[in-house]
Every structure is written in C-alpha cells, then in structure tokens.
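Inside the fold
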Amino acid sequence: MDRYDAWIAAHREWGPGLHEDGFGIGEDDRVDSEVGFAAWISKLRQGPGDLWWIVEDGVVLGGIALRAPDDPRAARHGHVGYGVRPSARGRGVASWALAQVVDLARDAGRQSIALVCLSDNVASIRTIERCGGTLEKVLDDGRAQRFVIRL
C-alpha cells in the first residue's frame, strides 16, 4: 500500500484497454481506487507463484511474475510474465528482471520455465532469447510464440 501512488502512475501510463503483463491483474480487479488496490494486493498474496514490482528510485517501472510449476495457467501463458511501462522501455529493465527470475527459478530447483509472447513483440522475443530462451512452438495460428528457458 505504501507504493500505491507510484504503482497507479505506472498503471495509468499504460492507458485504458492495454495489458500490463507481470502484475497479475485480472478482469475483475478494480485497482483504480485505494480500496480496490488493497483488495487486489490481498488476492495476490494468496495466489500461487510469486510476483515482484520492478522499482527504481521509488518509481514503479514494471512487474514480473513467476507462476508455480503446477499452475494450470502456465500451459497457456507460460510460467513467467513481465511488463515494463512505456517510458522505461529500451533500457534493459525487462532483461535484468527476467535474468533475476531465471536465477530464482534455478535456485528453487526448476528444470525449465516457459514464456509466451505475441509473435510481433520483437522486444520481448529478444529479451527472452537474451536470457537463454529458445522457441518451443508457435501458438494461435502464428499470433503467439512459446519459449522455454532450460535451467
């Protein structure tokens, strides 16, 4: 709750209708008020897996999530999801965050993690490849790609 103002500034930068990967926001979450934000945070603390905000000098730059190995959403969305607010892109923030999560997954004894991104998201594909990801398969008639990072 201490970072509500910083988080909401990042959320608003994405703009309406856009998707913020890595934050774990669901369709029913109402995060635009402090009450809704608190309810969302409470829900996140109960869920499987881990989620981190990427913060620099008190500014929320993005978020990254590591789903539990047996989370059923991993089959469709991968084990890792991340997003960086538009004004912080192009600085290596996503690559740094993904490398941290890869290390955590390895330290936890995982053998591999999967990531899914849109086929036209060149920046995300490069981030995944920089961190050791290889293309596993193409999904949704070519609209998305699933990568795996062997640990």
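Residues numbered from 1 in each chain as written. Predicted model: local features only at pLDDT ≥ 70, side-chain atom pairs only at ≥ 80, totals over all residues. Heavy atoms only, no water.

Quick look at the packing of aromatic side chains
One pass over the structure, following the stated rule, counts 10 aromatic pairs. On the numbers, 5.3 Å between centres and 45° between planes, the contact of W7 with F37 is tilted. Separated by 30 residues along the polypeptide, W7 in helix α1 (residues 4-14) and F37 in helix α2 (residues 34-46) bring together distant segments of the chain. The rings of Y4, W7, W14, F23, F37, W40 and W53 are connected pair by pair, giving a single aromatic cluster. (Phe/Tyr/Trp six-rings, centres within 6.5 Å; stacked < 30°, edge-to-face > 60°. Helix = DSSP H or I, 4+ residues; strand = E, 2+ residues; numbered from the N terminus.)

What to know about the packing of helix α4 (residues 93-107) against helix α5 (residues 122-130)
Following both chains from N to C, one finds α4 and α5 inclined at 40°, their axes separated by 9 Å at the closest point. The angle between α4 and α5 falls in the class oblique. In the crossing of α4 with α5, the sense of the turn from one axis to the other is right-handed. Contacts from A94, S95 and L98 in α4 reach T127, I128 and R130 in α5. Of the residues assigned to the contact of α4 with α5, the class counts are 3 nonpolar, 2 polar and 1 charged. (Axes fitted to C-alpha atoms, helices over the stretch in contact; angles between N-to-C directions. Parallel < 35°, antiparallel > 145°, perpendicular 65-115°, else oblique. Left-handed = near helix turned anticlockwise from the far one by under 90°. Contact = heavy atoms within 4.5 Å. Nonpolar A, V, L, I, M, F, W, Y, C, P; charged D, E, K, R; others polar.)

What to know about the nonpolar core
V80, Y82 and L98 are the most contacted members of the largest nonpolar core, which has 23 residues in total. Secondary-structure elements contributing two or more residues to this core are β2 (59-66), β3 (80-84), α4, β4 (112-118), α5 and β6 (144-150). No other element matches α4, which puts 7 residues into this core. Setting aside chain neighbours within four positions, we find Y82 in contact with D21, G22, G63, I64, A94, L98, L115, S124, T127 and I128. In terms of nonpolar packing, the next biggest core, distinct from the first, is built from 12 residues, W14, F23, V31 and V60 among them. (Core = buried A, V, L, I, M, F, W, Y, C linked by side-chain atoms within 4.5 Å. Buried < 20%, exposed > 50% of the residue type's maximum accessible area, 1.4 Å probe, protein only.)

Overview of the environment of R12
Here R12 lies in helix α1. Sequence separation of R12 and R85 is 73 residues, and the distance between their C-alpha atoms is 9.4 Å.

Topic: the pattern of salt bridges
With the rule as written, the count across this model stands at 7 salt bridges. A salt bridge links D29 to K43; its shortest N-O distance comes to 2.9 Å. With D29 in the loop between α1 and α2 and K43 in helix α2, the pair connects residues that are 14 residues apart, well separated along the chain. Relative accessible area serves as the criterion here: at 39%, K43 is assigned to the partly exposed category. (Salt bridge = Lys/Arg side-chain N within 4 Å of Asp/Glu carboxyl O.)

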